[in-house]
Amino acid sequence: MEVPGTIRAVRITEHGGPERLELVEVAVPVPREGEVLVRVGAVALNNTDLWTREGSYGRPGAPDALSGWRGPIDFPRIQGADVVGRVVAVGVDAEESLLGRRMLVDPAIHDSGGPGANPVGLMGSERDGGYAEYVTVPMERVHDVTESPLTDEQLAALPIAYGTALGMIERGGAEEGGTVVVSGASGGVGLALVQLARERGARVLAISSGSKIDSVREAGAHHVVDRAQGIVEQIRTVAPEGIDIVLDVIAGDFSGEGLPLLREGGRWVVAGALGGYDVNFDVRRLYLHNNRIIGSAMHAPRHFDLLVDLARRAGIQPVVAATFPLEQAARTQEELARREHVGKIVMHP
């Protein structure tokens, strides 16, 4: 496939609102040693796109400081972490057999090469991402999904949301027959948690609201708790025996009030703070019951391998809420921020 000299891309040059997203024409990126060039078929949106643009991550000792996920952003930056596409060129020491193959990209930058490595960076944040027609990716971060029956849109929905969800489930030790609570169940990660926990054989209690409740139930939740009507009390009624694991992307008041819901030896896994990052709880409820609070940022390579296996055999069916063209990136992020959708929002470069 012939590669053009210039491409369209959407980038940010500073932190701010959706107006900071600019559609530009840039030189096609050249794959370096060990990298491949991917023609982007679809790119999905994530909350990290919003927070990176806004600089909402804070810094140690300065929670309100403008910052990217792991510190200052090297502007200009092309956003977009969730990428699926075909390899059209390879750099030195990259395998030519990858040419033409449809690839799911692991967007994480890890601190080592081991299967349990920790993510310390992200495409679209610490390196350019997929809000573009083409993107370069390290060879070891692309995974062949050419034969998957899933569409490009469905595949693009997987990396961050389902990778984060698998990381939470694996770190929390979800098992068949256990009782699991999923907060924020209608969002990308939340819906992925519902599907994956159900696939593991867990009893899934999901927290959602309004018109989204039916969609969350259809995704596999055994019971949906309406967050507008007293979450903790409803969960106690539905699961008086207690909860094995809470998979939480909300935090805030729910984390503090809900900790007593855990059984002996229960786990509270946190991967987001949509409800607020300043949490208060009774520490006695933690140590007297041998409970654990586990922070879970994205996924380790071994988690992504599990995800790729699911993608290849269509073991899950990601829900795509809407699709947009690349030139509507600002509108697309605004749509994401409204949180009126269920599933993932995807763009087509």
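Since we're looking at a predicted model, the values are computed, not measured. (Residues numbered from 1 in each chain as written. Predicted model: local features only at pLDDT ≥ 70, side-chain atom pairs only at ≥ 80, totals over all residues. Heavy atoms only, no water.)

Further remarks concern the pairing of strand 11 (residues 179-182). Burial along strand 11 is two-sided: the face carrying Thr 179 and Val 181 and the face carrying Val 180 and Val 182 are both buried. Pairing of strand 11 with strand 12 (residues 203-208), which is carried by 4 bridges, proceeds in the parallel orientation. Across the sheet, Val 181 pairs through a bridge with Leu 205, a residue of strand 12. Taken together, strand 11, helix 4 (residues 188-199) and strand 12 constitute a β-α-β crossover, and its handedness is right-handed. (Buried < 20%, exposed > 50% of the residue type's maximum accessible area, 1.4 Å probe, protein only. Helix = DSSP H or I, 4+ residues; strand = E, 2+ residues; numbered from the N terminus. Pairing = 2+ DSSP bridges. Right-handed = clockwise from strand over helix to strand, strands pointing away.)

For any two aromatic rings, the description comes down to two numbers: the centre-to-centre distance and the angle of the planes. Scanning all chains against the criterion turns up 2 aromatic pairs. Both rings, one in Trp 51 and one in Tyr 57, keep their centres 6.0 Å apart while their planes meet at 85°; by these two values the pair is edge-to-face. Note on Trp 51: relative accessible area 24%, which makes it partly exposed. With relative accessibility at 26%, the residue Tyr 57 sits in the partly exposed group. Judged by centre distance (5.2 Å) and plane angle (50°), the ring pair of Phe 254 and Trp 268 falls under tilted. Here Trp 268 lies in strand 15 (residues 262-270) and Phe 254 lies in helix 7 (residues 253-258), a separation of 14 residues in the sequence. Here the two residues Phe 254 and Trp 268 agree in accessibility, since each one is buried. Sitting over the face of the ring of Trp 69, Arg 70 holds its NZ or CZ atom 5.5 Å from the ring centroid. (Phe/Tyr/Trp six-rings, centres within 6.5 Å; stacked < 30°, edge-to-face > 60°. Lys NZ or Arg CZ within 6 Å of the ring centre and 35° of its normal.)

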